[in-house]
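Survey of secondary and tertiary structure
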There are 2 protein chains.
Amino acid sequence: MPPRRVIGIDAGGTKLLGGVVDEGLIVHHRVHRLWRGSDRRDTLEIFVEAVEEARAAAPDVTAVGFGIPSLVEPETGVSRWSNHLPLDEVPFRDLMSERLGLPVVVDNDANVGLLAEHRSGAARAVRHAVFVALGTGVGSGLLLDGSIYRGATGVGAEIGHMVLDLDGPDCPGACPGRGCMEALVSGNAIGREGVRVGRERPDSLLGRRVAADGEVTGGLVTELAHAGDAAARHALEVIGLRLGAALTGIVNVLNPEMIVIGGGAVAAGELLLAPARSVVAERALPPAREIVRIVPARFGDESAMLGAALLALETT
Amino acid sequence: MPPRRVIGIDAGGTKLLGGVVDEGLIVHHRVHRLWRGSDRRDTLEIFVEAVEEARAAAPDVTAVGFGIPSLVEPETGVSRWSNHLPLDEVPFRDLMSERLGLPVVVDNDANVGLLAEHRSGAARAVRHAVFVALGTGVGSGLLLDGSIYRGATGVGAEIGHMVLDLDGPDCPGACPGRGCMEALVSGNAIGREGVRVGRERPDSLLGRRVAADGEVTGGLVTELAHAGDAAARHALEVIGLRLGAALTGIVNVLNPEMIVIGGGAVAAGELLLAPARSVVAERALPPAREIVRIVPARFGDESAMLGAALLALETT
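All of these numbers come straight from a predicted model, not from anything done at the bench.

Moving on: the domain arrangement of chain A. All names here are of chain A. For chain A, the assigned domains are domain 1 (5-114 + 302-315) and domain 2 (125-297). Look at where the C-alpha atoms of domain 1 and domain 2 centre, and you get two points 25 Å apart. Listed as interface residues are 19 residues of domain 1 and, on the opposing side, 19 residues of domain 2. Counting residues per element, the ones that place at least two in the side of domain 1 that touches domain 2 are β5 (70-73), α3 (109-120) and α11 (303-315). No other element matches α3, which puts five residues into the side of domain 1 that touches domain 2. Partitioned by chemical class, the residues of the side of domain 1 that touches domain 2 number seven nonpolar, nine polar and three charged.

Residues and elements named next belong to chain B. Taken together, the five strands give an open sheet; going across it, the order is β3-β2-β1-β4-β7, and neighbouring strands pair in mixed fashion. Looking at the sheet topology across the chains shown, the edges are occupied by β3 (27-34) and β7 (104-108). Taking each pair of neighbouring strands and ignoring which way they run, the sheet shows an average axis angle of 15 degrees. By the bridge criterion, seven bridges tie strand β2 (residues 15-22) to β3 in an arrangement that is antiparallel. By the bridge assignment for β3, V20 is matched with H29. In this fold helix α1 (residues 40-57) packs onto β1 (5-11), β2, β3 and β4 (64-68), with an angle of close to 155 degrees to the strand it touches most, β3. Along the sheet, helix α11 (residues 303-315) makes contact with β1, β2, β4 and β7, crossing β1 at roughly 135 degrees.

With an RMSD of 0.0 Å, chain A superimposes on chain B once it is rotated by 180 degrees and translated 0.0 Å along the axis. Read as a symmetry element, the transformation amounts to a two-fold axis. When you check the interface residues of chain A against chain B, 100% turn up at the interface there too, and the contact is symmetric in its surfaces.

The next thing to look at is the interface of chain A and chain B. Across the contact, 43 residues belong to chain A and 43 residues belong to chain B. Contributing elements (two or more residues each) for the side of chain A that touches chain B: β6 (78-82), α8 (230-254), α9 (270-283) and α10 (286-289) of chain A. The element that contributes the greatest number of residues to the side of chain A that touches chain B is α8 of chain A, accounting for eight residues. Residues that form the side of chain A that touches chain B fall into these classes: 24 nonpolar, 10 polar and nine charged.

Reading the values: rules and limits
- Residues numbered from 1 in each chain as written.
- Chains lettered and ligands numbered in written order.
- Predicted model: local features only at pLDDT ≥ 70, side-chain atom pairs only at ≥ 80, totals over all residues.
- Domains from an automatic or database assignment.
- Contact = placed C-beta atoms within 7 Å.
- Helix = DSSP H or I, 4+ residues; strand = E, 2+ residues; numbered from the N terminus.
- Nonpolar A, V, L, I, M, F, W, Y, C, P; charged D, E, K, R; others polar.
- Pairing = 2+ DSSP bridges.
- Axes fitted to C-alpha atoms, helices over the stretch in contact; angles between N-to-C directions.
- Least-squares fit on C-alpha atoms with pLDDT ≥ 70 in both.

What follows is the structure, encoded as C-alpha cells:
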C-alpha cells in the first residue's frame, strides 16, 4: 500500500507555500502563490487555488492542513485575528472544508512549524523548546513540558509581540503595539536595516543597490552578505544582536532547552545566529543560559508547510 | 485538635517577613528582619534567627517553608542563583533543615506567592495566571494550564528579566542583562523615577523631599501620591505605563486569564494599575487583551509569606 498523502499549506505574510506530503514527510509536489491585495474573498480564493493545483498533481490526497499567520482557536478552527492577512473572525476550517470537500485542519503557522521540528526536526527529544519563524513578521510556537502551549483561549505564543523597545516604532501590520520584537527583528526589519546601513556605506555592494532601488529586501541583504559584502553582514549582525536581546528575555521567562530559528530569514544562518547566541551567553541569567541551545530549523523555511501536513496526517 | 501550624518565611531583596501560619491561613505571629551586608554566612544566620524567633512564639510548628529571591531547583532545594542575596549555589533546603531540626521546603518567592493567590486569593478558579511581585526587584510566577510552570531546569518564570528596553540601563543587582523589566518597573524604579520627577518639580511635596534627602524610596513616593501630591502621582503613572508595556508582551506570549500584581509596590494600588491596564487595553493583541484581568494580590505584600507556609503545609 502506498503511503498516505495529504496537502500542507503554509501561509506567510507575503506568500503561500504548499506541498503534497506523505507519511514519511517526503514532499512530492510544491505550489507557490503571492497574495494579491488585501481583499478577504481574493485571499481565500488563493488558498483554494493553491490546494486545487496540488490536488490535481496528487488526486489521492485525503486531507488538507493549513498553517496561517493568525491567532487561531484550535477547537473551532476560527481565525480570530491576523496581523498580515485579512482573516479576522473568519471560520477558516469550516469555509475551506466546504469549498474543498476534504477534511481540513488549521492552526497558527508557527505552531505547526514547531510541530514539524518537534516530531522530526531539530527539537526531537526535547520537552521545552521555542520555535521562532522570522519571515515577513515573527511567528512563534512554544513547547512547554512536552506540549504545544496555546494560552487560556488559544491565542498566545506570540513572542513577536513582546515589547522589546519601550519607546520603539509602531509595529507593522494590524498590531496595535509599539516596539514589538516583530518591528525590530523580522525579515522585513532586515530589509529596513539594510537600507539604513546601505545609505551609510554608499560604496558597498549593499549601498549601491540601495542607491539604485531605494529599498532592499531581507533576502537580498542576506544574499549580499553571503557574497561577502561587509555592509550587508553588518546589517545582519545588528538584527542578530536584537534577536539575541529578545531571546534573552525568552530564556529568562521560559527556561527552554532549545530555541529553533526558522522562517525565510533562517537563510542568513550563522550571520544571524552567532550574534544572537553571543548576546544570550552574555546577558541571560546564568542558570538558564547555560542549558539553552540556539539552532536553525532542520526544515529551513519549510517547517510550517511540513507541520501543516503532519497536523492533517495526525488528526484526520 | 487545634489546626496544624508551620512557619512561612518570605525573603525579599531588602527584608525578610516571617509568620506562624495555620491551615486556615491565619497568621498568629510575625517576624521581620533587614539584611545586613552581603556575607553569605550572615545572611543564612538571619534566616535561622527569624525562624527561631517565630518558633519561640509557637513551639508546636511542624515545618518551615521558605520563599527566597533565587532561582531554586525544586527537586534538590538548591538555590542556584540570586540577583539580590548572596545565595548562589547554596544547598538551602538541606542547610536549613540541618540547622533548624525541622522539615524544610524552599521555592522561589514569587512561585510561592502565586501558590497562595491561586489556592486562596485572587487567582482562585483560574488556570492561566501570571503573578508579578513588584518589590526591590521583580519576581514572577506562571500558572499555565493549571500548574506552576518552572521551565526545563526549574529556573524560569523570571519576567522581571524580559528585555523591555533594548538599549536600556544595566539591570541592578547581579543580573548581567540590560534594559530588563526589573531595571525599569520595580519598587526601586519607583524611587528612581521619584527622584527624577522631584527634581523637575522642586515645589511639589516630592520635590522638597528629594531636595532635602537626595533620594526617595518607592514607599515614600507612594505615600506622597496617596496624600495627593501630583508629582508623586505622576512618577507612579510613568512606572504604571512601563508596567503596562511589560504586561502587553506577557499577554501576547502567554494569553493569561489574569495577571495578579503583588509585592510591596502593590500599596500604590490603582495609581499603578490603572495606567498599566490602559496600555494593555490599547496595545496588546485584540483577542488576548479582551479576556485578561489585571488585579491586585488578595494578600497584598504577604502572598509569598503565606505561600511559603502553604508549601510547607501541603508537602511536609
